[in-house]
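A closer look at the structure
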Amino acid sequence: CSCGHALDEAATHYIHCRGAPGAGGGNFFTSVHDAMLREVANMLRTVYPRGQVVAEDYVGAMSYSPLHRPDVTILDAGGFGVHTLVELTVFRATAAANVRSSTRMGPGGRLVHGTIGAALAARQETRRAGYGDLGQHRLLVFAVDEYGMMSGDAQALLCECIAVREDRLDVEGRHST
């Protein structure tokens, strides 16, 4: 690793590494989150050229929640004053806390493990609950686990982007001929 630590066979060091001196800290999930943030923000800027896309609003101008700031905000994308807040999260579905969140008590008091994606759905709802009431604005939790599985909100946002982009290309194509 660039921090000087020898890597083990499974490379688990990356999960808790804070990086080399001067690298800005963070760990493997932070670097994936930041790369994903850049790509999602760029994609949204392409899809919504009329709506302003704001990434990482740390100054608090978009204070939708006393506890959280969205990673990306699409301002007035639909033209009705409704903003779309995108909260990105990258996590280990196999971490003990996430496995516990996707289990439930089954018949006879036995623990029943959740289905594939249950931890992802639990993470999405936990993040959603943390924002509280957003009024007319909508929150999409763009969650991805370490295996690349995406939350329902992430899939919905990608489908919405495809539909909006196809509509724009269709209109642009008709005007250019």
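Residues numbered from 1 in each chain as written. Predicted model: local features only at pLDDT ≥ 70, side-chain atom pairs only at ≥ 80, totals over all residues. Heavy atoms only, no water.

1. Focus: the overall build of the chain
- When helices and strands are tallied, the chain shows five helices and six strands.
- Its helices and strands taken in sequence order, the chain reads α-α-β-β-β-α-β-β-α-β-α from the N to the C terminus.
- For the chain, with 177 residues in total, the buried portion stands at 35%.
- Partitioning the contacts of the chain with sequence separation of at least 6, the portion at a separation of at least 24 is 47%.
- When the accessible surface of the chain is split by element, carbon and sulfur atoms take 56% of a total near 10,500 Å². (Helix = DSSP H or I, 4+ residues; strand = E, 2+ residues; numbered from the N terminus. Buried < 20%, exposed > 50% of the residue type's maximum accessible area, 1.4 Å probe, protein only. Contact = heavy atoms within 4.5 Å. Areas by Shrake-Rupley, 256 points an atom, 1.4 Å probe, with all protein chains shown as cover.)

2. Focus: the confidence of the model for the chain
- Residues of the chain with pLDDT of at least 70 account for 66%, and the chain-wide mean is 76.
- Per-element confidence in the chain is highest for strand β6 (residues 138-145), whose mean pLDDT is 90, and lowest for helix α1 (residues 13-16), whose mean pLDDT is 58. (pLDDT = per-residue confidence, 0-100.)

3. Digging into the nonpolar core
- Judged by nonpolar contacts, the single largest core of 19 residues is most densely connected at M36, L44, V72, V86, L88, F142 and L157.
- Secondary structure elements with two or more residues in this core: α2 (28-47), β2 (72-75), β3 (84-91), β6 and α5 (152-176).
- Broken down by element, this core gets its largest block of residues, six residues, from α2.
- Among all residues touching V86, those that are not within four sequence positions of it are L44, P70, D71, V72, L140, F142 and L157. (Core = buried A, V, L, I, M, F, W, Y, C linked by side-chain atoms within 4.5 Å.)

4. Description of helix α4 (residues 118-131)
- Here α4 is 14 residues long and its end C-alpha atoms lie 21 Å apart, about the 20 Å a rise of 1.5 Å per residue gives.
- Within the sequence span of α4, burial applies to A119, L120, R123, Q124 and Y131. All buried residues of α4 fall inside an arc of 145° around its axis, so they share one side. Facing away from the buried surface of α4 by more than 90 degrees, the exposed residues are T126 and A129.
- Taken from the residues just after α4, G132 is the one with a positive phi, measuring 75°. (Expected span 1.5 Å × (residues − 1). Arc of directions from axis to C-beta.)

5. A short note on the pattern of salt bridges
- If you walk through the whole model with that rule in mind, you get four salt bridges.
- Between R127 and E87 there is a salt bridge, and its shortest N-O distance comes to 2.6 Å. In this pair, R127 is assigned in helix α4 and E87 in strand β3, connecting sequence segments 40 residues apart.
- You can call R127 partly exposed: its relative accessible area is 23%.
- The exposure class assigned to E87 is buried, which follows from its relative accessible area of 5%. (Salt bridge = Lys/Arg side-chain N within 4 Å of Asp/Glu carboxyl O.)

6. A word on the sheet that holds β6
- Strand order in the open sheet made by the four strands is β1-β2-β3-β6, with mixed pairing throughout. With one partner strand each, in any of the chains shown, β1 (52-55) and β6 form the two edges of the open sheet. The sheet shows a mean angle of 20° between the axes of neighbouring strands, direction not considered. (Pairing = 2+ DSSP bridges. Axes fitted to C-alpha atoms, helices over the stretch in contact; angles between N-to-C directions.)

7. Here's the deal with the side chain of T89
- Relative to the helices and strands, T89 resides in strand β3.
- On the accessibility criterion, T89 (2% relative accessible area) is buried.
- Within polar-contact distance, the side chain of T89 engages the side chain of R123 at 2.7 Å.
- Residues within four places of T89 in sequence aside, it is in contact with H33, M36, R123, R127, V141, F142, A143 and V144. (Polar contact = N/O pair within 3.5 Å; in protein donor to acceptor, adjacent residues only side chain to side chain.)

8. With respect to the pairing of β6
- Extensive coverage of β6 is indicated by the burial of seven of its eight residues.
- In the sheet, β3 pairs with β6 via eight bridges, with the strands oriented parallel. Counterpart to F91 in the pairing with β6 is D145.

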